[in-house]
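One-letter residues, chain by chain:
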Amino acid sequence: MIETMLNKQNAKLGFIGLGLMGSRFLRRLNAEGWNVRGWNRRRAAALPLKKYGFAIAGTLADLVRGSDLLLSSLANDDAVRATYLEKDGVFANVQPGTTILDMSTISLDLSVLLHQEARNRGVEMMDLPVSGSTPAVDAGTVTLFAGGEPGTFNRCVPIFESIANQWYLMGPATAGLRMKLVANLLLGVNMEAIAEAVSLGEHLQLNRALLLDVLPKTAVIAPAFLGKFQKIKVGDYSPQFPLHLMSKDMNLVHSAADRSGAVLPATSATNHIFEDALAENGALDLSAVTTYVQTLAQKEMSIS
């Protein structure tokens, strides 16, 4: 079992899921001096990361059995279910006393199941979703929302200090995930609103470049969106937070709202926009929804 406070001298960390976010978290932990290994479902995609000086485990079982603390950053429910619950997955190999921090944004039902399985195996688990995309991970400025036991949260503070600039224990199991859904509701709705604002500005014959320079300097634009304006301006939609993940998260928000009784009309409308935009832009950054909104206006003009 891990000592009262995690420390870099004796803790063995394993990181599961080395995509856009996970690979960056792994690099930060390694750079901060942690003894960390990685594992990815597609091993070939993870091998280039060896150049940063950390090991890639050959199998998930090897990583799990050799780690005191596991972190995971996986794309969706299917990936999490396969990684944690299948016969050769995390829970088939985890040792009692291990701590698990799952940073994935998944359904509340699946998160509840993971917490239950962890308790059954004597494992301490926290849902630990992240607010912030790849530039924030690189800079160590993400925010972490935790759900779980205070003792586990406090022991893991040294980890949080290495990857984030603020972290909050939101409550018991799944509270961190619930907070992430609240935050991502704002992310999705605001990004779609920015797309509409840009479209309106263009239709009002404002200079597009000037519009995109001035709008992020106004009080109505949150810091998380400042970098999106340059992407829109130059047409660079390389993914920082892919549109397909934003759409997935909006579907999770919609499902949580239905089950809780919340009525979210703007969110529902945004959800439909992101779903429709996926056909051409799913792998691009969520700011690519701007191009989709522009095509809507073009379609309307062609019909009229």
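Before reading on, note that the structure itself is shown above.
Residues numbered from 1 in each chain as written. Predicted model: local features only at pLDDT ≥ 70, side-chain atom pairs only at ≥ 80, totals over all residues. Heavy atoms only, no water.

## A closer look at the environment of Pro242
Step number 1: Looking at the element boundaries, Pro242 is found in the loop between helix H12 (226–234) and helix H13 (243–260).
Step number 2: Overall, Pro242 belongs to the buried group, its relative accessible area being 6%.
Step number 3: With 222 residues separating them along the chain, Pro242 and Leu20 place their C-alpha atoms 9.4 Å apart.
Step number 4: Those residues in contact with Pro242 that sit more than four places away from it in its chain are Leu20, Gly282, Ala283, Leu284, Asp285 and Leu286. (Helix = DSSP H or I, 4+ residues; strand = E, 2+ residues; numbered from the N terminus. Buried < 20%, exposed > 50% of the residue type's maximum accessible area, 1.4 Å probe, protein only. Contact = heavy atoms within 4.5 Å.)

## Side note on the side chain of Thr105
Step number 1: By the secondary structure assignment, Thr105 is in the loop between strand E5 (99–102) and helix H6 (108–120).
Step number 2: Residue classification places Thr105 among the buried positions, given a relative accessible area of 7%.
Step number 3: Among residues more than four places away in sequence, those in contact with Thr105 are Ala75, Pro129, Leu177, Lys180, Leu181, Lys248, Asp249 and Leu252.

## Some thoughts on empty space enclosed by the protein
Step number 1: One pass over the structure, following the stated rule, counts one cavity of 30 Å³ or more.
Step number 2: In this model, the largest cavity occupies a volume close to 30 Å³.
Step number 3: Lining the largest cavity are Asp102, Ser104, Ile106, Ser111, Leu114, His115, Met125, Asp127 and Leu177.
Step number 4: Per-element accounting of the lining of the largest cavity gives the leading share, three residues, to H6.
Step number 5: Of the residues contributing to the lining of the largest cavity, the split by class is four nonpolar, three polar and two charged. (1 Å grid on protein atoms, 1.4 Å probe; cavity = no way out; pocket = protein on both sides within 12 Å on 5 of 7 lines; lining within 4 Å. Points joined across faces, edges and corners; volume = space filled by probe spheres on them. Nonpolar A, V, L, I, M, F, W, Y, C, P; charged D, E, K, R; others polar.)

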